[in-house]
Amino acid sequence: MPAVVVAVVVGGLYFLGYRYYSRYLAEKVYALDPAYVTPAHRFSDGVDFVPTNKHVVFGHHFTSVAGAAPIVGPAIAVFWGWGPALLWIVVGTIFAAGVHDFGSLAVSVRHRARNIGTIARDIISVRARTLFLVIIFFLLTLVNAVFAVVIGNLFVANPGAVIPIFVEIPLAIGIGQYIYKTRSPALVPSLVGVVALYALIWVGQQVPIDITPLAEALGFEMARNLWVIILFAYAFIASRLPVWMLLQPRDYINSHQLFIALGVIGLGVLVGWNTIVAPVVNDVPDDSPSIFPFLFITIACGAISGFHSLVSSGTTAKQIDKETDARYVGYMGAVGEGSLAMGAVLAVTAGVVATRTDWEALYPDFATASGGAVGNFVNGVAVFANNLGVPLELGAIFAAVVVISFAATTMDTGVRLQRYVVQEISEIAGWRAGARNLTLAGAIAVVVPLVMALLPGGGEAGYTFGVLWQLFGTTNQLTAGLALTVVAVWVAKRGRNPVAVVVPLVFLLVMTSWALLVNLKNFVDAGEWVLAPLDAIIFVLAMWLIVEAALVVQRMRRGELPPDTEDVDESVGGAQQRREP
């Protein structure tokens, strides 16, 4: 099948989803109020709480949630066939991710822009907050560890991407300073930043940075591990900066890359008329993971991802100018990621190879599919770019820059969110130093995933894709299910129909619980004594949180509805009344 046909059909479905389904959610389920005074205005501090144009917030939100996962997951999952992978991406984006991302953002805006774990206390119970925060801590640890390794591998494989990525940092800071001090619109400066970034791709090709000799001199077995350490050192510093200084301008620059990358993929498949050579449903080896439930946790980001609820309720909610912006930022962010996931499917099924035989050589088994996923995407996009006259080597650097930019932004946000979570858990535990000392909390947020990222093993796919990715996927999807649980109870408390939230909630909880149990057995059989206990702990905490939510629903049915203390009237009129003596 011509890849362009798939792109057009999927794009049309996404348009209909945003046009109609997101409007239904905004009006009938989440009941957005344009007069509501958002936390960005109520608690404006110029650091985290900053009222921001919705297009700029979209740029931050999308690039923070995208990362490498909507590329890696689909690029692995086509192992079962591009048909089921693409079907889950499309259905998941429209009816699950859109509901989840939009809902968690709307709930957070109504709860002082607190994270979804803390909101669980207000919506469900005090214990629910602790349970959810611990699960979030594990998820962020896995996210940051996985993305650091992805970036490190890409730097080693594509040394020409190093200069563009690292020069983008001071470039974004300069743009952020200009916008903040002059109060100018961000569009033109950020477009200038994109042009400069892509000019640097040519520079990077001419001056590739290979740190292998330095890594060997320092005693590292792999240059990737030195990159991982450098990345976490950078993330520690970046997470301490005000959002307007680096996070927002860098995210806005990177958001343009989404449209450029999708444009390259779309025009590339049109001009080259590339054909999907992979099977619709693949006849996988007998020892492969089962498509149920593992397809639905391998493709997490790109269909639905619990990490998005952490971004929505962690940084994005603090920047929403008007509550009605949540529809554009939340639902459209999910559509953007779904589009990127679709592009990943096309790149690894129609771009990277020209024949079915060549494709089968890249996907002979699950381990090979996992280990080669990012490289297959980069090479596939390079082929699409080559259809437009871009040399293959330059196209590969371009694709690598896109992936690294998204993944690095996710690391920035992930470490910042992890610091928030460490502080909240420390507060609950009564550890004052962890709750008050930002440097200490930031160090914990960095050191734990750093150690995880440096662990050896995992067979042919490596520890990250052979081991960590399995637990990352299940924990990520489980977090999405738990976030939907909070959203569903909140919607029900407001007297609205929660069915649109409950359906994806039930599906996710079934699939992820199933996967956690299967993985637990596999980890024990393989002697993975780091991940087996983590898997068991996450499963127990999740089941406990679900029981807590069920008890709340039961009390609701008996008419014993606890007050939702944070969901107060913060309309313009209501806020004015409270300010008057």
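Structure: above.
Summary of the structure given here. What you see is a predicted model; the values in this text were computed from it and never measured. (Residues numbered from 1 in each chain as written. Predicted model: local features only at pLDDT ≥ 70, side-chain atom pairs only at ≥ 80, totals over all residues. Heavy atoms only, no water.)

1. Quick notes on the side chain of Thr38
Inspection of the secondary structure assignment puts Thr38 in the loop between helix 1 (3-29) and helix 2 (39-42). Non-local contacts of Thr38, meaning those with residues more than four positions away in its chain, are made with Val109, Ile320, Asp321, Lys322 and Glu323. (Helix = DSSP H or I, 4+ residues; strand = E, 2+ residues; numbered from the N terminus. Contact = heavy atoms within 4.5 Å.)

2. A short note on helix 7 (residues 126-157)
Compared with an ideal rise of 1.5 Å per residue, which puts 32 residues at 46 Å, helix 7 spans 47 Å between its outermost C-alpha atoms and is within 8% of the ideal. Within helix 7, 25 of the 32 residues are buried, which leaves it mostly tucked inside the rest of the structure. (Expected span 1.5 Å × (residues − 1). Buried < 20%, exposed > 50% of the residue type's maximum accessible area, 1.4 Å probe, protein only.)

3. Examining empty space enclosed by the protein
Considering all chains together, one arrives at four cavities of 30 Å³ or more under this definition. The space that makes up the largest cavity amounts to roughly 50 Å³. Lining the largest cavity are Asn115, Ile136, Leu140, Leu310, Gly314, Leu417, Tyr420 and Val421. When residues of the lining of the largest cavity are traced back to their parent elements, those giving at least two are helix 7, helix 14 (306-314) and helix 19 (392-429). (1 Å grid on protein atoms, 1.4 Å probe; cavity = no way out; pocket = protein on both sides within 12 Å on 5 of 7 lines; lining within 4 Å. Points joined across faces, edges and corners; volume = space filled by probe spheres on them.)

4. A word on the side chain of Thr485
Take Thr485: it is sitting in helix 22 (residues 462-493). On the accessibility criterion, Thr485 (8% relative accessible area) is buried. Excluding its chain neighbours within four sequence positions, the residues that come into contact with Thr485 are Ile124, Leu505, Leu509 and Ala549.

5. Brief notes about the environment of Val345
Secondary-structure assignment places Val345 in helix 15 (residues 325-351). When its relative accessible area of 1% is taken as the criterion, Val345 is described as buried. In sequence terms Val345 and Ile76 are 269 residues apart; their C-alpha atoms lie 9.1 Å from each other.

6. What to know about the pattern of salt bridges
Overall, the coordinates contain nine salt bridges when judged by the stated rule. A salt bridge links Asp122 to Arg114; the shortest N-O distance between them is 3.7 Å. Classification of Asp122 as buried rests on a relative accessible area of 13%. A salt bridge links Arg121 to Asp122; the nearest nitrogen and oxygen atoms lie 3.3 Å apart. Taking the relative accessible area as the measure of exposure, Arg121 reaches 27% and is therefore partly exposed. Several salt bridges converge on common partners, so that one network encompasses Arg114, Arg121 and Asp122. (Salt bridge = Lys/Arg side-chain N within 4 Å of Asp/Glu carboxyl O.)

7. Overview of the nonpolar core
Counting 204 residues, the largest nonpolar core has Leu25, Tyr30, Phe132 and Phe377 as its most contacted members. Examining the composition of this core, we find that 21 residues originate from one element, helix 7, more than from any other. Once you skip the residues sitting within four places of it in the chain, Leu25 turns out to touch Tyr30, Ala31, Val99, Phe102, Tyr331 and Ala500. (Core = buried A, V, L, I, M, F, W, Y, C linked by side-chain atoms within 4.5 Å.)

8. Some words on the packing of aromatic side chains
Within the structure shown, the criterion is met by 21 aromatic pairs. Summarising the aromatic geometry, the rings of Phe58 and Tyr328 are spaced 5.3 Å apart at their centres and angled 40 degrees between planes, so their arrangement reads as tilted. Here the residue Phe58 occupies a position in helix 3 (residues 54-66), and Tyr328 occupies one in helix 15, the gap between them amounting to 270 residues. On the basis of relative accessibility, which here comes to 18%, the residue Tyr328 falls in the buried class. (Phe/Tyr/Trp six-rings, centres within 6.5 Å; stacked < 30°, edge-to-face > 60°.)

9. Points about the packing of helix 23 (residues 499-526) against helix 24 (residues 531-557)
Contact pair helix 23 / helix 24: the axes reach a minimum separation of 9 Å and the direction vectors enclose 155 degrees. Our classification of the angle between helix 23 and helix 24 gives roughly antiparallel. Two packed elements cross with a definite hand, and for helix 23 against helix 24 that hand is left-handed. Counted together, Leu509, Ser513, Leu516, Leu517, Asn519, Leu520, Phe523 and Val524 of helix 23 and Leu531, Ala532, Asp535, Ala536, Ile538, Phe539, Met543 and Ile546 of helix 24 form the full contact between these two elements. Here the contact of helix 23 with helix 24 is built from residues that sort into 13 nonpolar, two polar and one charged. (Axes fitted to C-alpha atoms, helices over the stretch in contact; angles between N-to-C directions. Parallel < 35°, antiparallel > 145°, perpendicular 65-115°, else oblique. Left-handed = near helix turned anticlockwise from the far one by under 90°. Nonpolar A, V, L, I, M, F, W, Y, C, P; charged D, E, K, R; others polar.)

Function cannot be inferred from these measures alone, as they are strictly geometric.
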